[in-house]
Amino acid sequence: MNGEPSSGPKAFKPPKIEMARGHLSTLALLRVMVRNPVAAVPPAAYEEPHASLQAAGQAMFFPTKPAIVNTILVQRHEDFAKSRIDNRLLNPILGDGLLTAEGEAWRWRRRLAAQAFRPATLSNYLPVMRGPFEELAGRWKRSPGLHRIDDAMTAATIAVICRTFFSSFHQSEADRISGVIDRYLRPCSWPVSYESLGLPRWMPHPGKLQMERTSAEGRQLVRSFVARRRQGRQDPPDLAQILMDARDPETGRALSDEDLVDMFLTLIAAGNETSANALSWTLYCLAAQPDLQEVLADHVRVVAGHGPVETPHLEILSDLTHFLEKTMRLLPPVPLLSRRALRPCEIAGQTIEPTALVFIPIYAIHRHKALWSSPDTFNSDRFESLSAASRPRCAYMPFGAGPRVCLGASFAMMEIMAGLATLLNAIRFHLHDTTPPEPMHRITLRPRNAIVLRLEPRP
Ligand code: HEM
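Residues numbered from 1 in each chain as written. Predicted model: local features only at pLDDT ≥ 70, side-chain atom pairs only at ≥ 80, totals over all residues. Heavy atoms only, no water.

J.: Can you walk me through the coordination of the iron atom of the ligand in this structure?
T.: The reference angle at a metal is 109.5 degrees if four donors form a tetrahedron and 90 or 180 degrees if six donors form an octahedron. Protein coordination of the iron atom of the ligand is limited to a single donor, Cys406 (SG), which sits 2.3 Å from the metal. Relative to the elements of secondary structure, Cys406 occurs in the loop between α18 (381-385) and α19 (409-426). (Donors = N, O, S within 2.8 Å, 3.2 Å for Na, K, Ca; no water. Helix = DSSP H or I, 4+ residues; strand = E, 2+ residues; numbered from the N terminus.)

In C-alpha coordinates form, the structure reads like this:
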(Lines give C-alpha, C1' and ligand atoms only; values in the text may rest on other atoms or scores of the structure.)
Protein backbone atom coordinates (compact mmCIF):
# COMPACT_ATOMS: atom_id res chain seq x y z
CA MET A 1 0.00 0.00 0.00
CA ASN A 2 1.43 3.31 -1.01
CA GLY A 3 0.58 5.82 1.74
CA GLU A 4 0.83 9.31 0.30
CA PRO A 5 -0.82 12.23 2.16
CA SER A 6 -4.38 13.05 1.12
CA SER A 7 -4.48 16.62 2.40
CA GLY A 8 -2.20 19.60 3.06
CA PRO A 9 0.20 21.38 0.72
CA LYS A 10 1.30 18.10 -0.81
CA ALA A 11 -2.21 17.17 -1.92
CA PHE A 12 -2.12 18.40 -5.51
CA LYS A 13 -4.40 16.27 -7.66
CA PRO A 14 -3.67 16.41 -11.38
CA PRO A 15 -6.64 16.33 -13.75
CA LYS A 16 -8.35 12.99 -14.13
CA ILE A 17 -10.66 11.28 -16.57
CA GLU A 18 -14.26 11.02 -15.40
CA MET A 19 -15.33 7.38 -15.49
CA ALA A 20 -18.61 6.36 -17.06
CA ARG A 21 -20.75 4.86 -14.27
CA GLY A 22 -23.72 2.50 -14.22
CA HIS A 23 -24.94 0.16 -16.91
CA LEU A 24 -24.50 1.60 -20.39
CA SER A 25 -26.33 0.58 -23.52
CA THR A 26 -24.08 -0.35 -26.47
CA LEU A 27 -24.79 2.99 -28.07
CA ALA A 28 -23.99 4.89 -24.87
CA LEU A 29 -20.78 2.90 -24.48
CA LEU A 30 -19.81 3.69 -28.08
CA ARG A 31 -20.38 7.38 -27.37
CA VAL A 32 -18.19 7.23 -24.24
CA MET A 33 -15.45 5.33 -26.07
CA VAL A 34 -15.36 7.66 -29.04
CA ARG A 35 -15.08 10.66 -26.72
CA ASN A 36 -12.44 9.18 -24.41
CA PRO A 37 -11.78 5.42 -24.51
CA VAL A 38 -10.26 5.28 -21.00
CA ALA A 39 -13.55 6.64 -19.59
CA ALA A 40 -15.11 3.29 -20.59
CA VAL A 41 -12.85 1.32 -18.21
CA PRO A 42 -15.35 0.05 -15.62
CA PRO A 43 -15.09 1.75 -12.18
CA ALA A 44 -14.61 -1.71 -10.62
CA ALA A 45 -11.21 -1.92 -12.37
CA TYR A 46 -9.98 0.83 -9.99
CA GLU A 47 -10.96 -1.20 -6.89
CA GLU A 48 -11.07 -4.90 -7.75
CA PRO A 49 -8.36 -7.22 -9.14
CA HIS A 50 -10.13 -7.14 -12.51
CA ALA A 51 -13.35 -6.06 -14.19
CA SER A 52 -15.33 -7.27 -17.18
CA LEU A 53 -17.68 -5.77 -19.71
CA GLN A 54 -19.94 -7.30 -22.32
CA ALA A 55 -21.26 -5.16 -25.15
CA ALA A 56 -22.66 -6.07 -28.58
CA GLY A 57 -21.69 -9.68 -27.83
CA GLN A 58 -18.05 -8.66 -27.28
CA ALA A 59 -16.38 -9.73 -24.02
CA MET A 60 -13.84 -7.34 -22.54
CA PHE A 61 -11.54 -8.15 -19.62
CA PHE A 62 -9.73 -5.43 -17.63
CA PRO A 63 -7.11 -6.87 -15.24
CA THR A 64 -5.58 -4.37 -12.81
CA LYS A 65 -4.07 -6.56 -10.08
CA PRO A 66 -0.31 -6.45 -10.78
CA ALA A 67 0.06 -10.24 -10.45
CA ILE A 68 -2.61 -10.84 -13.12
CA VAL A 69 -1.12 -8.23 -15.44
CA ASN A 70 2.29 -9.80 -14.91
CA THR A 71 0.87 -13.21 -15.85
CA ILE A 72 -0.50 -11.87 -19.13
CA LEU A 73 2.36 -9.62 -20.21
CA VAL A 74 5.34 -11.43 -18.75
CA GLN A 75 4.88 -14.99 -17.52
CA ARG A 76 2.45 -16.22 -20.16
CA HIS A 77 3.20 -13.70 -22.89
CA GLU A 78 3.34 -16.47 -25.47
CA ASP A 79 -0.37 -17.14 -24.89
CA PHE A 80 -1.27 -13.55 -25.78
CA ALA A 81 -0.85 -11.43 -28.90
CA LYS A 82 -1.56 -7.80 -29.69
CA SER A 83 -5.30 -7.28 -30.11
CA ARG A 84 -7.16 -6.71 -33.36
CA ILE A 85 -7.42 -3.05 -32.29
CA ASP A 86 -3.70 -2.46 -32.79
CA ASN A 87 -3.89 -4.22 -36.13
CA ARG A 88 -6.97 -2.33 -37.37
CA LEU A 89 -5.69 1.01 -36.22
CA LEU A 90 -1.98 0.88 -36.88
CA ASN A 91 -1.41 -1.63 -39.65
CA PRO A 92 -2.52 0.66 -42.51
CA ILE A 93 0.14 3.23 -41.66
CA LEU A 94 2.83 1.26 -39.82
CA GLY A 95 2.63 -1.97 -41.85
CA ASP A 96 4.44 -4.86 -40.19
CA GLY A 97 6.38 -2.58 -37.84
CA LEU A 98 7.53 -3.31 -34.30
CA LEU A 99 4.25 -2.19 -32.74
CA THR A 100 2.11 -4.43 -34.92
CA ALA A 101 4.20 -7.47 -35.95
CA GLU A 102 3.81 -10.80 -34.15
CA GLY A 103 5.82 -13.98 -33.62
CA GLU A 104 9.10 -14.37 -35.51
CA ALA A 105 8.30 -11.34 -37.71
CA TRP A 106 8.34 -9.25 -34.53
CA ARG A 107 11.22 -11.05 -32.76
CA TRP A 108 13.88 -10.50 -35.43
CA ARG A 109 12.90 -6.86 -35.93
CA ARG A 110 13.15 -6.30 -32.19
CA ARG A 111 16.59 -7.98 -32.00
CA LEU A 112 17.79 -5.84 -34.87
CA ALA A 113 16.29 -2.55 -33.69
CA ALA A 114 17.69 -3.01 -30.19
CA GLN A 115 21.11 -2.18 -31.70
CA ALA A 116 20.08 1.46 -32.14
CA PHE A 117 18.72 1.73 -28.58
CA ARG A 118 21.72 0.66 -26.52
CA PRO A 119 22.31 3.23 -23.73
CA ALA A 120 25.99 3.56 -24.79
CA THR A 121 24.88 4.40 -28.35
CA LEU A 122 22.17 6.77 -27.19
CA SER A 123 24.39 8.76 -24.84
CA ASN A 124 26.33 10.03 -27.92
CA TYR A 125 23.11 11.67 -29.07
CA LEU A 126 22.37 13.65 -25.88
CA PRO A 127 23.54 16.99 -27.37
CA VAL A 128 21.33 16.35 -30.41
CA MET A 129 18.35 15.52 -28.17
CA ARG A 130 18.95 18.62 -26.07
CA GLY A 131 19.16 20.92 -29.10
CA PRO A 132 15.45 21.53 -29.79
CA PHE A 133 14.84 22.31 -26.09
CA GLU A 134 17.77 24.74 -25.94
CA GLU A 135 16.44 26.54 -29.01
CA LEU A 136 12.92 26.60 -27.53
CA ALA A 137 14.21 27.93 -24.18
CA GLY A 138 16.05 30.69 -26.10
CA ARG A 139 12.89 31.66 -27.99
CA TRP A 140 10.78 31.61 -24.83
CA LYS A 141 13.36 33.75 -22.98
CA ARG A 142 13.24 36.34 -25.75
CA SER A 143 9.45 36.30 -25.82
CA PRO A 144 8.03 35.43 -22.37
CA GLY A 145 4.33 35.52 -21.49
CA LEU A 146 1.61 33.10 -22.51
CA HIS A 147 2.62 30.08 -24.58
CA ARG A 148 0.96 26.91 -25.73
CA ILE A 149 3.03 24.15 -24.14
CA ASP A 150 1.57 21.03 -25.75
CA ASP A 151 2.21 22.15 -29.34
CA ALA A 152 5.72 23.27 -28.41
CA MET A 153 6.49 19.86 -26.90
CA THR A 154 5.19 18.03 -29.97
CA ALA A 155 7.39 20.21 -32.20
CA ALA A 156 10.42 19.67 -29.94
CA THR A 157 10.01 15.89 -29.74
CA ILE A 158 9.49 15.49 -33.49
CA ALA A 159 12.67 17.54 -33.94
CA VAL A 160 14.47 15.16 -31.55
CA ILE A 161 13.31 12.10 -33.51
CA CYS A 162 14.23 13.71 -36.83
CA ARG A 163 17.68 14.89 -35.71
CA THR A 164 18.62 11.62 -34.00
CA PHE A 165 17.19 9.20 -36.57
CA PHE A 166 16.74 11.14 -39.79
CA SER A 167 19.39 13.83 -39.74
CA SER A 168 19.12 14.33 -43.51
CA PHE A 169 15.37 15.09 -43.30
CA HIS A 170 14.58 18.57 -44.57
CA GLN A 171 12.59 20.71 -42.11
CA SER A 172 9.62 20.59 -44.49
CA GLU A 173 9.71 16.76 -44.39
CA ALA A 174 9.83 16.80 -40.59
CA ASP A 175 6.82 19.13 -40.50
CA ARG A 176 4.95 17.00 -43.01
CA ILE A 177 5.56 13.75 -41.18
CA SER A 178 4.47 15.30 -37.89
CA GLY A 179 1.27 16.51 -39.60
CA VAL A 180 0.65 13.07 -41.10
CA ILE A 181 0.84 11.29 -37.74
CA ASP A 182 -1.36 13.93 -36.11
CA ARG A 183 -4.01 13.78 -38.84
CA TYR A 184 -3.94 10.00 -38.87
CA LEU A 185 -4.43 9.65 -35.14
CA ARG A 186 -7.04 12.40 -34.65
CA PRO A 187 -10.07 10.21 -35.51
CA CYS A 188 -8.47 7.09 -33.99
CA SER A 189 -10.99 6.61 -31.18
CA TRP A 190 -13.52 5.55 -33.87
CA PRO A 191 -11.68 2.45 -35.10
CA VAL A 192 -10.66 1.68 -31.50
CA SER A 193 -14.32 1.82 -30.39
CA TYR A 194 -15.62 -0.04 -33.43
CA GLU A 195 -13.13 -2.86 -32.97
CA SER A 196 -13.86 -2.99 -29.21
CA LEU A 197 -17.51 -3.55 -30.02
CA GLY A 198 -16.76 -6.04 -32.82
CA LEU A 199 -18.07 -3.77 -35.60
CA PRO A 200 -16.81 -4.60 -39.11
CA ARG A 201 -13.92 -2.78 -40.79
CA TRP A 202 -15.92 -1.52 -43.73
CA MET A 203 -18.17 0.59 -41.48
CA PRO A 204 -17.75 4.30 -42.19
CA HIS A 205 -16.80 6.77 -39.48
CA PRO A 206 -15.75 10.43 -39.37
CA GLY A 207 -12.16 10.81 -40.54
CA LYS A 208 -11.91 7.34 -42.17
CA LEU A 209 -11.03 8.75 -45.58
CA GLN A 210 -8.56 11.15 -43.95
CA MET A 211 -6.84 8.18 -42.26
CA GLU A 212 -6.55 6.31 -45.56
CA ARG A 213 -5.14 9.34 -47.38
CA THR A 214 -2.67 10.27 -44.65
CA SER A 215 -1.35 6.72 -44.26
CA ALA A 216 -0.60 6.63 -48.01
CA GLU A 217 1.03 10.07 -47.80
CA GLY A 218 3.14 9.12 -44.76
CA ARG A 219 4.34 5.86 -46.31
CA GLN A 220 5.25 7.62 -49.56
CA LEU A 221 7.17 10.32 -47.71
CA VAL A 222 9.26 7.79 -45.76
CA ARG A 223 9.69 5.59 -48.84
CA SER A 224 11.35 8.46 -50.70
CA PHE A 225 13.57 9.14 -47.67
CA VAL A 226 14.70 5.48 -47.69
CA ALA A 227 15.36 5.61 -51.45
CA ARG A 228 17.45 8.77 -51.01
CA ARG A 229 19.42 7.26 -48.17
CA ARG A 230 20.13 4.09 -50.13
CA GLN A 231 22.18 6.27 -52.48
CA GLY A 232 24.77 7.24 -49.88
CA ARG A 233 25.66 6.66 -46.23
CA GLN A 234 25.00 9.29 -43.58
CA ASP A 235 28.22 10.35 -41.92
CA PRO A 236 28.39 10.72 -38.94
CA PRO A 237 25.75 8.00 -38.76
CA ASP A 238 22.33 8.85 -37.41
CA LEU A 239 20.17 6.18 -35.79
CA ALA A 240 18.49 5.46 -39.16
CA GLN A 241 21.92 4.62 -40.58
CA ILE A 242 22.56 2.28 -37.65
CA LEU A 243 19.27 0.53 -38.46
CA MET A 244 20.07 0.38 -42.18
CA ASP A 245 23.49 -1.17 -41.42
CA ALA A 246 22.19 -3.51 -38.71
CA ARG A 247 21.91 -7.27 -39.17
CA ASP A 248 19.84 -9.64 -37.09
CA PRO A 249 22.50 -11.10 -34.75
CA GLU A 250 20.93 -14.58 -35.12
CA THR A 251 20.29 -14.81 -38.87
CA GLY A 252 22.33 -12.00 -40.43
CA ARG A 253 19.17 -10.70 -42.12
CA ALA A 254 18.92 -6.95 -42.85
CA LEU A 255 15.83 -4.78 -43.16
CA SER A 256 14.46 -4.42 -46.70
CA ASP A 257 13.32 -1.03 -47.99
CA GLU A 258 9.70 -1.76 -47.06
CA ASP A 259 10.79 -3.06 -43.61
CA LEU A 260 12.60 0.25 -43.14
CA VAL A 261 9.47 2.22 -44.03
CA ASP A 262 7.53 0.22 -41.40
CA MET A 263 10.30 0.63 -38.85
CA PHE A 264 10.82 4.37 -39.35
CA LEU A 265 7.11 5.19 -39.30
CA THR A 266 6.72 3.07 -36.16
CA LEU A 267 9.51 4.93 -34.41
CA ILE A 268 8.08 8.30 -35.39
CA ALA A 269 4.57 7.30 -34.28
CA ALA A 270 5.67 5.58 -31.05
CA GLY A 271 8.29 8.11 -30.06
CA ASN A 272 6.76 11.49 -30.71
CA GLU A 273 3.43 11.99 -28.95
CA THR A 274 4.38 9.73 -26.03
CA SER A 275 7.37 11.86 -25.03
CA ALA A 276 5.59 15.10 -25.95
CA ASN A 277 2.70 14.27 -23.63
CA ALA A 278 4.98 13.22 -20.80
CA LEU A 279 6.74 16.58 -21.13
CA SER A 280 3.54 18.65 -21.41
CA TRP A 281 1.91 17.03 -18.38
CA THR A 282 5.11 17.31 -16.35
CA LEU A 283 5.45 21.02 -17.11
CA TYR A 284 1.79 21.49 -16.17
CA CYS A 285 2.34 19.64 -12.86
CA LEU A 286 5.43 21.77 -12.19
CA ALA A 287 3.44 24.95 -12.81
CA ALA A 288 0.74 23.69 -10.44
CA GLN A 289 3.29 23.16 -7.64
CA PRO A 290 5.43 26.32 -7.71
CA ASP A 291 7.34 25.63 -4.48
CA LEU A 292 8.39 22.23 -5.68
CA GLN A 293 9.25 23.70 -9.07
CA GLU A 294 11.67 26.13 -7.37
CA VAL A 295 13.37 23.35 -5.42
CA LEU A 296 13.84 21.31 -8.61
CA ALA A 297 14.99 24.31 -10.66
CA ASP A 298 17.53 25.24 -7.95
CA HIS A 299 18.88 21.72 -8.08
CA VAL A 300 19.25 21.85 -11.87
CA ARG A 301 21.11 25.17 -11.56
CA VAL A 302 23.47 23.76 -8.90
CA VAL A 303 24.19 20.69 -11.02
CA ALA A 304 24.36 22.18 -14.52
CA GLY A 305 25.04 25.87 -13.76
CA HIS A 306 24.30 28.02 -16.79
CA GLY A 307 25.77 25.40 -19.11
CA PRO A 308 24.22 22.57 -21.09
CA VAL A 309 22.73 19.53 -19.38
CA GLU A 310 25.10 16.56 -19.73
CA THR A 311 24.66 12.83 -19.16
CA PRO A 312 26.25 12.80 -15.64
CA HIS A 313 23.87 15.62 -14.61
CA LEU A 314 20.86 13.50 -15.48
CA GLU A 315 22.02 10.80 -13.10
CA ILE A 316 22.30 13.31 -10.25
CA LEU A 317 18.88 14.87 -10.89
CA SER A 318 17.00 11.98 -9.29
CA ASP A 319 14.43 14.35 -7.74
CA LEU A 320 13.46 15.56 -11.22
CA THR A 321 13.31 11.96 -12.43
CA HIS A 322 10.94 11.17 -9.54
CA PHE A 323 8.78 14.14 -10.47
CA LEU A 324 8.52 12.83 -14.03
CA GLU A 325 7.74 9.31 -12.77
CA LYS A 326 4.97 10.65 -10.54
CA THR A 327 3.48 12.55 -13.47
CA MET A 328 3.58 9.37 -15.56
CA ARG A 329 1.82 7.50 -12.74
CA LEU A 330 -1.21 9.78 -12.81
CA LEU A 331 -1.07 10.78 -16.46
CA PRO A 332 0.55 7.81 -18.21
CA PRO A 333 1.41 8.70 -21.83
CA VAL A 334 0.10 5.29 -22.96
CA PRO A 335 -2.96 4.71 -20.76
CA LEU A 336 -4.33 1.48 -22.26
CA LEU A 337 -2.78 -1.62 -23.84
CA SER A 338 -4.77 -4.36 -25.53
CA ARG A 339 -4.19 -8.04 -26.12
CA ARG A 340 -6.04 -11.16 -27.22
CA ALA A 341 -5.59 -14.73 -26.01
CA LEU A 342 -4.24 -17.08 -28.67
CA ARG A 343 -6.02 -20.02 -27.03
CA PRO A 344 -8.55 -20.29 -24.14
CA CYS A 345 -6.62 -19.23 -21.01
CA GLU A 346 -7.47 -19.63 -17.34
CA ILE A 347 -6.60 -16.28 -15.74
CA ALA A 348 -7.68 -15.29 -12.21
CA GLY A 349 -10.36 -17.98 -12.19
CA GLN A 350 -11.82 -16.85 -15.52
CA THR A 351 -11.54 -18.42 -18.92
CA ILE A 352 -10.35 -15.83 -21.41
CA GLU A 353 -11.52 -16.91 -24.85
CA PRO A 354 -9.59 -15.88 -27.98
CA THR A 355 -12.56 -13.77 -29.04
CA ALA A 356 -12.32 -11.62 -25.87
CA LEU A 357 -10.48 -8.33 -25.74
CA VAL A 358 -8.01 -8.02 -22.90
CA PHE A 359 -7.39 -4.40 -21.94
CA ILE A 360 -4.48 -3.58 -19.63
CA PRO A 361 -5.60 -0.20 -18.28
CA ILE A 362 -2.29 1.31 -17.16
CA TYR A 363 -4.23 4.44 -16.20
CA ALA A 364 -6.46 2.47 -13.78
CA ILE A 365 -3.55 0.39 -12.40
CA HIS A 366 -1.72 3.62 -11.57
CA ARG A 367 -4.79 4.91 -9.68
CA HIS A 368 -5.88 1.61 -8.13
CA LYS A 369 -7.25 1.88 -4.60
CA ALA A 370 -5.49 -1.28 -3.39
CA LEU A 371 -2.09 -0.04 -4.58
CA TRP A 372 -2.11 3.66 -3.68
CA SER A 373 -3.71 4.90 -0.46
CA SER A 374 -4.51 8.28 -1.97
CA PRO A 375 -4.60 7.22 -5.60
CA ASP A 376 -5.31 10.55 -7.27
CA THR A 377 -2.77 12.59 -5.27
CA PHE A 378 0.45 13.63 -7.00
CA ASN A 379 2.88 13.67 -4.19
CA SER A 380 3.44 10.25 -2.80
CA ASP A 381 6.46 10.36 -0.53
CA ARG A 382 6.22 6.60 -0.43
CA PHE A 383 6.72 6.55 -4.18
CA GLU A 384 10.28 7.66 -3.58
CA SER A 385 10.89 5.35 -0.64
CA LEU A 386 9.45 2.41 -2.55
CA SER A 387 12.24 1.62 -4.96
CA ALA A 388 11.31 0.09 -8.28
CA ALA A 389 12.58 -3.26 -7.01
CA SER A 390 10.31 -3.28 -3.94
CA ARG A 391 7.17 -2.28 -5.84
CA PRO A 392 5.01 -5.18 -7.02
CA ARG A 393 5.88 -5.91 -10.64
CA CYS A 394 3.40 -4.22 -12.98
CA ALA A 395 2.05 -1.87 -10.27
CA TYR A 396 3.83 0.98 -12.06
CA MET A 397 4.39 0.43 -15.76
CA PRO A 398 4.34 3.54 -17.96
CA PHE A 399 6.54 1.73 -20.49
CA GLY A 400 4.59 -1.54 -20.40
CA ALA A 401 6.09 -4.87 -19.32
CA GLY A 402 7.37 -8.16 -20.67
CA PRO A 403 9.07 -8.80 -24.01
CA ARG A 404 7.04 -6.04 -25.67
CA VAL A 405 8.08 -3.41 -23.15
CA CYS A 406 8.82 -0.06 -24.78
CA LEU A 407 11.96 -0.33 -26.89
CA GLY A 408 12.45 3.43 -26.63
CA ALA A 409 12.25 3.72 -22.82
CA SER A 410 15.92 4.74 -22.38
CA PHE A 411 15.70 7.08 -25.36
CA ALA A 412 12.54 8.63 -23.91
CA MET A 413 13.94 9.07 -20.40
CA MET A 414 17.11 10.69 -21.75
CA GLU A 415 15.20 12.99 -24.08
CA ILE A 416 12.54 14.00 -21.55
CA MET A 417 14.99 14.54 -18.71
CA ALA A 418 17.33 16.58 -20.94
CA GLY A 419 14.31 18.59 -22.12
CA LEU A 420 12.91 19.17 -18.64
CA ALA A 421 16.24 20.15 -17.10
CA THR A 422 17.05 22.50 -19.99
CA LEU A 423 13.65 24.22 -19.87
CA LEU A 424 13.50 24.41 -16.07
CA ASN A 425 16.97 25.95 -15.96
CA ALA A 426 15.81 28.78 -18.24
CA ILE A 427 12.13 29.34 -17.53
CA ARG A 428 9.70 29.60 -14.61
CA PHE A 429 6.34 28.03 -15.50
CA HIS A 430 3.11 29.50 -14.07
CA LEU A 431 -0.49 28.31 -14.41
CA HIS A 432 -2.68 30.54 -16.51
CA ASP A 433 -6.07 28.89 -17.07
CA THR A 434 -8.25 28.31 -14.04
CA THR A 435 -9.83 25.26 -15.67
CA PRO A 436 -7.47 22.27 -15.57
CA PRO A 437 -6.75 20.59 -18.92
CA GLU A 438 -8.82 17.49 -19.63
CA PRO A 439 -6.79 14.33 -20.34
CA MET A 440 -8.03 12.70 -23.54
CA HIS A 441 -7.06 9.26 -24.74
CA ARG A 442 -5.97 9.16 -28.39
CA ILE A 443 -3.59 6.17 -28.19
CA THR A 444 -1.56 8.53 -26.04
CA LEU A 445 -2.96 10.64 -23.21
CA ARG A 446 -3.03 14.16 -24.54
CA PRO A 447 -4.80 17.30 -23.34
CA ARG A 448 -8.17 17.75 -25.07
CA ASN A 449 -7.54 21.50 -25.40
CA ALA A 450 -4.38 23.53 -25.35
CA ILE A 451 -2.21 23.71 -22.22
CA VAL A 452 -1.32 27.39 -21.96
CA LEU A 453 1.19 28.44 -19.31
CA ARG A 454 2.68 31.81 -18.43
CA LEU A 455 6.43 31.75 -18.88
CA GLU A 456 8.91 33.89 -16.99
CA PRO A 457 12.63 33.83 -17.85
CA ARG A 458 14.95 32.83 -15.02
CA PRO A 459 18.00 35.03 -14.47
C1 HEM B 1 7.39 8.67 -22.25
C2 HEM B 1 7.57 8.13 -23.43
C3 HEM B 1 7.09 6.75 -23.82
C4 HEM B 1 6.19 5.93 -23.21
C5 HEM B 1 5.40 6.19 -21.93
C6 HEM B 1 6.10 4.73 -24.00
C7 HEM B 1 5.28 3.65 -23.70
C8 HEM B 1 5.24 2.46 -24.41
C9 HEM B 1 4.45 1.32 -24.05
C10 HEM B 1 3.51 1.23 -22.86
C11 HEM B 1 4.70 0.34 -24.97
C12 HEM B 1 4.16 -1.08 -24.94
C13 HEM B 1 2.97 -1.28 -25.87
C14 HEM B 1 2.33 -2.65 -25.69
O15 HEM B 1 2.78 -3.46 -24.89
O16 HEM B 1 1.30 -2.88 -26.35
C17 HEM B 1 5.64 0.88 -25.92
C18 HEM B 1 6.15 0.21 -27.02
C19 HEM B 1 7.05 0.74 -27.90
N20 HEM B 1 7.66 1.97 -27.83
FE21 HEM B 1 7.38 3.35 -26.41
N22 HEM B 1 6.95 4.84 -25.07
C23 HEM B 1 7.58 6.06 -24.99
C24 HEM B 1 8.54 6.55 -25.86
C25 HEM B 1 9.06 5.87 -26.93
C26 HEM B 1 10.10 6.36 -27.80
C27 HEM B 1 10.80 7.72 -27.63
C28 HEM B 1 10.30 5.42 -28.76
C29 HEM B 1 11.27 5.41 -29.91
C30 HEM B 1 12.00 6.41 -30.31
C31 HEM B 1 9.40 4.31 -28.48
C32 HEM B 1 9.31 3.16 -29.22
C33 HEM B 1 8.50 2.10 -28.91
C34 HEM B 1 8.44 0.88 -29.72
C35 HEM B 1 9.21 0.61 -30.99
C36 HEM B 1 7.52 0.03 -29.09
C37 HEM B 1 7.10 -1.36 -29.54
C38 HEM B 1 7.96 -2.40 -28.84
C39 HEM B 1 7.62 -3.82 -29.25
O40 HEM B 1 6.46 -4.18 -29.39
O41 HEM B 1 8.60 -4.57 -29.37
N42 HEM B 1 8.67 4.63 -27.37
N43 HEM B 1 5.97 2.19 -25.57
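J.: Mind showing me how you'd approach the UniProt feature "binding site: heme" (unreviewed entry) in the protein chain here?
T.: UniProt records the feature "binding site: heme" (unreviewed entry) for Cys406 in the present numbering. Residue classification places Cys406 among the partly exposed residues on the basis of a relative accessible area of 33%. The contact partners of Cys406, leaving out residues within four places of it in the chain, are Arg110 and Phe399. (UniProt positions renumbered as here; feature names shortened; annotations may be inferred. Buried < 20%, exposed > 50% of the residue type's maximum accessible area, 1.4 Å probe, protein only. Contact = heavy atoms within 4.5 Å.)

J.: Even after reading the chapter, I still don't get the site of the ligand, so can you show me in this structure?
T.: Around the ligand sit 28 residues in total, of which Trp106, Arg110, Arg339, Arg404 and Cys406 are the nearest. Here an oxygen atom of the ligand and a side-chain polar atom of Lys82 are 3.3 Å apart. Every element with two or more residues in the shell around the ligand is listed here: α4 (103-113), α12 (257-271), α13 (273-288), β5 (337-341) and α19. Looking at the shell around the ligand residue by residue, the class counts come to 19 nonpolar, five polar and four charged. (Near = heavy atom within 4 Å. Polar contact = N/O pair within 3.5 Å; in protein donor to acceptor, adjacent residues only side chain to side chain. Nonpolar A, V, L, I, M, F, W, Y, C, P; charged D, E, K, R; others polar.)

J.: What should I look at first to understand the sheet that holds strand β4 (residues 145-148) in this one?
T.: Hydrogen bonds between backbone groups are what pair the strands of a sheet, and the pairing can be parallel or antiparallel. Pairing is antiparallel in the open sheet, where three strands are placed in the order β4-β12-β9. Of all strands in the sheet, those bounded by a partner on one side alone are β4 and β9 (427-431). The average undirected angle you get between the axes of adjacent strands in this sheet is 40°. Relative to strand β12 (residues 452-457), β9 runs antiparallel, the two sharing five bridges. Directly across from Leu431, in β12, lies its bridge partner Leu453. With respect to the sheet, α19 is in contact with β9 and β12, its orientation differing from that of β9 by roughly 90°. (Pairing = 2+ DSSP bridges. Axes fitted to C-alpha atoms, helices over the stretch in contact; angles between N-to-C directions.)

J.: Got a minute to help me understand the sheet that holds strand β1 (residues 50-55) in this structure?
T.: Spatial strand order, β1-β2-β8-β5-β3: five strands in an open sheet with mixed pairing. Whereas interior strands pair on both sides, the edge strands pair on one side only; in this sheet they are β1 and β3 (80-82). Recorded for the sheet is a direction-independent mean angle of 30° between the axes of neighbouring strands. Relative to strand β8 (residues 357-360), β5 is paired through three bridges, and the arrangement is antiparallel. Bridge pairing in β8 places Ser338 opposite Phe359.

J.: Is there a simple way to think about the side chain of Arg446 in this case?
T.: Looking at where Arg446 falls in the secondary structure, it is placed in strand β11 (residues 444-447). What makes Arg446 buried here is its relative accessible area of 12%. Of the polar contacts made by the side chain of Arg446, one reaches the side chain of Asp182; its length is 3.5 Å. Apart from the residues lying within four places of it in its own chain, the contact partners of Arg446 are Asp182, Glu273, Asn277, Trp281, Glu438, Pro439 and Met440.

J.: What's the story with helix α8 (residues 171-185) in this structure? I'm lost.
T.: Count 3.6 residues to each turn of an α-helix, and residues three or four apart come out pointing the same way. Taking 1.5 Å of rise per residue, the 15 residues of α8 would be expected to cover 21 Å, and the 21 Å separating its terminal C-alpha atoms lies within 8% of that figure. Listing the buried residues of α8 in full gives Glu173, Ala174, Ile177, Ser178, Val180, Ile181, Tyr184 and Leu185. What you see down the axis of α8 is that its buried residues fit within an arc of 155°, all on one side. Tucked inside the fold, the buried residues of α8 contact α3 (84-94), α7 (149-165), α10 (208-230), α12 and β10 (439-442). (Expected span 1.5 Å × (residues − 1). Arc of directions from axis to C-beta.)

J.: Would you take a moment to explain the pattern of salt bridges for this structure?
T.: According to the stated counting rule, one finds 36 salt bridges in the structure shown. Between Lys82 and Asp86 there is a salt bridge whose closest N-O contact spans 3.8 Å. Among the ionic contacts, a cluster of salt bridges with common partners joins Glu104, Arg107, Arg111, Asp248 and Glu250. (Salt bridge = Lys/Arg side-chain N within 4 Å of Asp/Glu carboxyl O.)

J.: Explanation requested: the packing of aromatic side chains in the structure shown.
T.: What characterises a pair of aromatic rings is the spacing of the ring centres plus the angle enclosed by the ring planes. Applying the stated rule across the entire model yields 15 aromatic pairs. Note on Tyr46 and Tyr363: the rings are 6.4 Å apart at their centroids and 80° apart in plane angle, and the pair reads as edge-to-face. Within this pair, whereas Tyr46 is found in the loop between α1 (26-35) and β1, its partner Tyr363 is found in helix α17 (residues 362-365), the two being separated by 317 residues in sequence. Across this residue pair, the class does not change: Tyr46 and Tyr363 are buried. Aromatic side chains Phe117 and Phe165 sit 5.9 Å apart centroid to centroid with 45° between the ring planes, which places their arrangement in the tilted category. Placement of Phe117 in the loop between α4 and α5 (119-123) and of Phe165 in helix α7 is noted, with a sequence separation of 48 residues between them. Residue classification places Phe165 among the buried positions, given a relative accessible area of 2%. These aromatic residues form a ring-pair network of at least three members: Phe117, Phe165, Phe166, Phe169, Phe225, Phe264 and Phe411. Note that Arg329 overlies the ring of Trp372, its terminal NZ or CZ placed 4.4 Å from the centroid. (Phe/Tyr/Trp six-rings, centres within 6.5 Å; stacked < 30°, edge-to-face > 60°. Lys NZ or Arg CZ within 6 Å of the ring centre and 35° of its normal.)

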